[in-house]
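Spelled out from the first residue to the last, the chains are:
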Amino acid sequence: MHESPLNVPKAAWRQDEELDIFADAVGQFFEKECAPHVPAWRKAGIVPREIWKKAGEMGLLGASVPEEYGGAGGDFRHEAIIIEQQQWKGIDGFGITLHNAIIAPYITAYGTEEQKQRWLPKICSGDLVTAIAMTEPGAGSDLQGMKTTAKRDGDHYVINGSKTFISNGQTADLILLCVKTDPTKGAKGISIICVETEAVEGKGGFRRGRNLDKVGQHAADTSELFFDDVRVPAAHLLGGEEGKGFIQLMQKLPQERHIIGLQGVGMIERAIHETVNYVKGRKAFGQTIFDFQNTRFPEHPVQAR
Ligand SMILES: Cc1cc2nc3c(=O)[nH]c(=O)nc-3n(C[C@H](O)[C@H](O)[C@H](O)COP(=O)(O)OP(=O)(O)OC[C@H]3O[C@@H](n4cnc5c(N)ncnc54)[C@H](O)[C@@H]3O)c2cc1C
């Protein structure tokens, strides 16, 4: 169990022995299976597929997916532990939380029974790596302005458009693609179509673009995606009903924001821990730099003001 250096009381939900045991197991996985490889992953700009399979074997994927669909049957507390441990061990760039706590919940909450059976077990095993593609070169915060379209043609949708900044974009086998099924209806014309990349890859219409350079999260494959008359079965429309995409996004994005908060706290804990360790170990002029008066100034910023 890691002791948080934040010096704040542990949240009520976190005071649970079962969660401590889970945190230990998750922490060990990140430390043994991931930490030694992080420098290489950052250099490569991507996390290898094997680690997704290993995480699946360890039961880390689909922590909050119901057991009947191959998950561990946990809840958001288990996802929060995975986030806590990932940050604590410094495993930035591995898109496990996006896969587990952002994307899987769309399928669990809105997927038809057939869609849940088709995708969730493979999401939990690591056979399918997932991405969600909302952002476009001309549509970020203002999601209603997206231009990617999906036109119904018999039993298929024909998709045209492009996406950018898509996490897991180079690796993803299943992309929850946000499209306009009716461009005349604004938000009410938005739908989510689940694209199985194996079915469209190499056929000309679907292309993964650049793996983008970023100021952080260097091991994350954040990418462009292009769609040019890509045909996807109509049965892969999430939930089976057109025009529900924007509501689905509005209902699930708050959890994503919550996750970003948890990741931020985890990063702060690690940064403080690393800094305190460093200043206690580093010596200059015959003493540790921790012991110099100026290193201590920021300890009482509130009183000092
Ligand atoms: C590392 C990384 C991973 C990402 N992963 C994904 C992913 O997996 N899938 C995906 O779909 N997208 C992803 N994104 C994209 C992300 O969702 C967008 O960057 C975000 O929605 C903001 O859009 P934008 O970058 O186009 O900024 P813009 O919308 O152009 O905003 C630019 C600035 O203007 C401000 N602004 C915008 N609107 C207003 C307003 N109404 N009032 C005041 N200020 C405003 C914003 O706060 C921001 O500071 C990722 C981005 C990054 C950096």
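Anything mentioned here points back to the structure above.
Quick look at the structure, then. (Residues numbered from 1 in each chain as written. Predicted model: local features only at pLDDT ≥ 70, side-chain atom pairs only at ≥ 80, totals over all residues. Heavy atoms only, no water.)

Before going further, it helps to examine the pattern of salt bridges. A side chain with one charge may pair with a side chain of the opposite charge, provided their charged atoms come close. As enumerated under the stated definition, the model contains 18 salt bridges in all. Taking the shortest distance from any N to any O, the salt bridge between Glu-84 and Arg-14 comes out at 2.8 Å. With a gap of 70 residues between them, Glu-84 in helix α4 (residues 76–88) and Arg-14 in the segment before α1 (17–34) connect regions that are remote in the sequence. Like Arg-14, Glu-84 is buried. For Glu-201, the salt bridge identified is with Arg-208, shortest N-O distance 2.9 Å. (Salt bridge = Lys/Arg side-chain N within 4 Å of Asp/Glu carboxyl O. Helix = DSSP H or I, 4+ residues; strand = E, 2+ residues; numbered from the N terminus. Buried < 20%, exposed > 50% of the residue type's maximum accessible area, 1.4 Å probe, protein only.)

A separate point is the layout of surface pockets. Computed from the structure, the largest pocket encloses a volume of approximately 710 Å³. Lining the largest pocket are 33 residues; nearest its centre among them are Leu-98, Ile-102, Ser-167, Gln-217 and Glu-256. Among the secondary structure elements, those contributing two or more residues to the lining of the largest pocket are α4, α5 (96–110), β3 (156–166) and α8 (245–281). For the lining of the largest pocket, the leading source of residues is α8, giving seven residues. Its residues placed into classes, the lining of the largest pocket shows 15 nonpolar, 13 polar and five charged. Taken as a whole, the second largest pocket spans an internal volume of roughly 470 Å³. For the lining of the second largest pocket, the secondary structure elements donating two or more residues are α4 and α8. (1 Å grid on protein atoms, 1.4 Å probe; cavity = no way out; pocket = protein on both sides within 12 Å on 5 of 7 lines; lining within 4 Å. Points joined across faces, edges and corners; volume = space filled by probe spheres on them. Nonpolar A, V, L, I, M, F, W, Y, C, P; charged D, E, K, R; others polar.)

As a further point, take the site of the ligand. Around the ligand sit Ile-132, Ala-133, Met-134, Thr-135, Gly-140, Ser-141, Phe-165, Ile-166, Ser-167, Lys-214 and Thr-222, and that is every residue in its neighbourhood. Ser-167 has a polar side-chain atom sitting 2.8 Å from a nitrogen atom of the ligand. For the ligand, the protein covers 41% of the area, taking 970 Å² as the surface of the free molecule. Mapped onto the shell around the ligand, the elements with two or more residues apiece are β1 (130–133) and β3. In terms of residue class, the shell around the ligand is built from five nonpolar, five polar and one charged. (Near = heavy atom within 4 Å. Polar contact = N/O pair within 3.5 Å; in protein donor to acceptor, adjacent residues only side chain to side chain. Areas by Shrake-Rupley, 256 points an atom, 1.4 Å probe, with all protein chains shown as cover.)

So far we have only geometry, and geometry alone does not tell us how the molecule works.
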